[in-house]
Amino acid sequence: MIGSRITAVGHYQPARVLTNEDLAGMVDTSDEWITSRVGIRTRHVAGPDEPVDELAAHAAAKALAAAGRTPAEIDLVLVATSTAIDRSPNMAARVAARLGMPGPAVMDINVVCAGFTHALATADHAVRAGGASRVLVVGADKMTDVTDWTDRTTCVLVGDGAGAAVVEACAPGEEAGIGPVLWGSVPEMGHAVRIEGTPPRFAQEGQSVYRWAATQLPVVARQACEKAGLAPEDLAGVVLHQANLRIIEPLARRLGAINAVVARDVIESGNTSAASIPLAFSKLVEQGAVSSGDPVLLFGFGGNLSYAGQVVRCP
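Counting restarts for each chain: residues are numbered from 1 in the order of the written sequence. Under the rules for a predicted model, residues below a pLDDT of 70 receive no local features and side-chain atom pairs below 80 are neither given nor counted, while totals for whole chains, interfaces and linings still include all residues. For the side-chain quantities, the full set of heavy atoms in the structure was used; hydrogens and water were omitted.

What about the pairing of strand S6 (residues 134-142)?
Point 1. Here S6 lies mainly inside the structure; eight of its nine residues are buried.
Point 2. The pairing of strand S4 (residues 76-80) with S6 spans five bridges and is parallel. Directly across from Leu76, in S6, lies its bridge partner Val135.
Point 3. In this description, strands pair whenever DSSP reports at least two bridges between them. Segments assigned H or I by DSSP are reported as helices when at least four residues long, segments assigned E as strands when at least two residues long, and all are numbered from the N terminus. The sheet contact formed by S6 and strand S7 (residues 160-169) spans nine bridges and is antiparallel. The residue bridging Val138 from the neighbouring strand is Ala164, located in S7. Relative accessibility thresholds used throughout: buried, under 20% of the residue-type maximum; exposed, over 50%; partly exposed, between the two (1.4 Å probe, protein chains only).

Let's talk about helix H10 (residues 276-287)
Point 1. The terminal C-alpha atoms of H10, which comprises 12 residues, lie 16 Å apart, in line with the 16 Å expected from a rise of 1.5 Å per residue.
Point 2. Burial runs high along H10: nine of the 12 residues are buried.
Point 3. Just downstream of H10, Gly288 is the residue with a positive phi angle, here 75 degrees. A helix is expected to span 1.5 Å for every residue after the first.

A short note on the pairing of strand S11 (residues 237-240)
Point 1. Burial along S11 is two-sided: Gly237 and Val239 facing one way and Val238 and Leu240 facing the other are all buried.
Point 2. As paired elements, S11 and strand S12 (residues 261-262) share two bridges and run parallel to each other. Opposite Gly237, over in S12, you have Val261 as the bridge partner.
Point 3. For the segment spanning S11, helix H8 (residues 245-255) and S12, crossover handedness is right-handed.
Point 4. Pairing analysis gives four bridges linking S11 to strand S13 (residues 295-301), with the strands arranged parallel. When the sheet's bridge partners are listed, Gly237 is paired in S13 with Val296. Classification remark: right-handed applies to a crossover when, strands pointing away from the viewer, the course from the first strand over the helix to the second runs clockwise.

In structure tokens form, the structure reads like this:
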């Protein structure tokens, strides 16, 4: 089977920035309280006239332009999101319509914070099976739509945004640029991160998630490297789900990726759920922090107590 590779990435964030000082005027919190516990300083917030599919389409358009591809050349669109308000048309169909695509297959994937890495694996599998040759993979969430702004334990965490990648089939004989996925879940702990109710609201058991991430994820992240045939010290970059700086930094250290640039976009973007990994990855590529061909571990975790990760080569 022919492998796949990421040929370009792109990202988008709304213009409005909400600072910790702004939040301190809304709920009982402070900049010191927020930064000491989660490391977040700012986050971007979409307005009521900026739906999820608009954020996704902006990021997708940037990735397509960077790849030198037109919307008509895409035959599959995958959008990872957990904040779609409507059931149908799904986000992928709406993104395809916004970009003027003539007739791709369209599918949403809801694995919350691990959505993008699940979607990326699905794109890779579709290419390997011959079901697609060029795939647009987007992670987009508008977490502020599902946030209780009176709950200081959750409202300080979230932000809105989108990130995208163009995935294409490798040429015959070319080394695959997307490694095997390592994925799974802990169903009995699915209650630890929730978006439930009417209207839907984000809630989590922060200490349970922290203990699970700190104790279990270093092992599975190393297994993702092993599947790619690499040792952690071979990595040039590590992009973990941008949930909490207190989770990201210890996890990267315990992984043993001593030579890698570690994405810390959570500081300026907050937790953007399915958008966090492609958003942070796209910024590293744009900034030149990682170079074309470099091996980078992408690893999502969180909602449903699900996880998925793979080593990719930078576009």
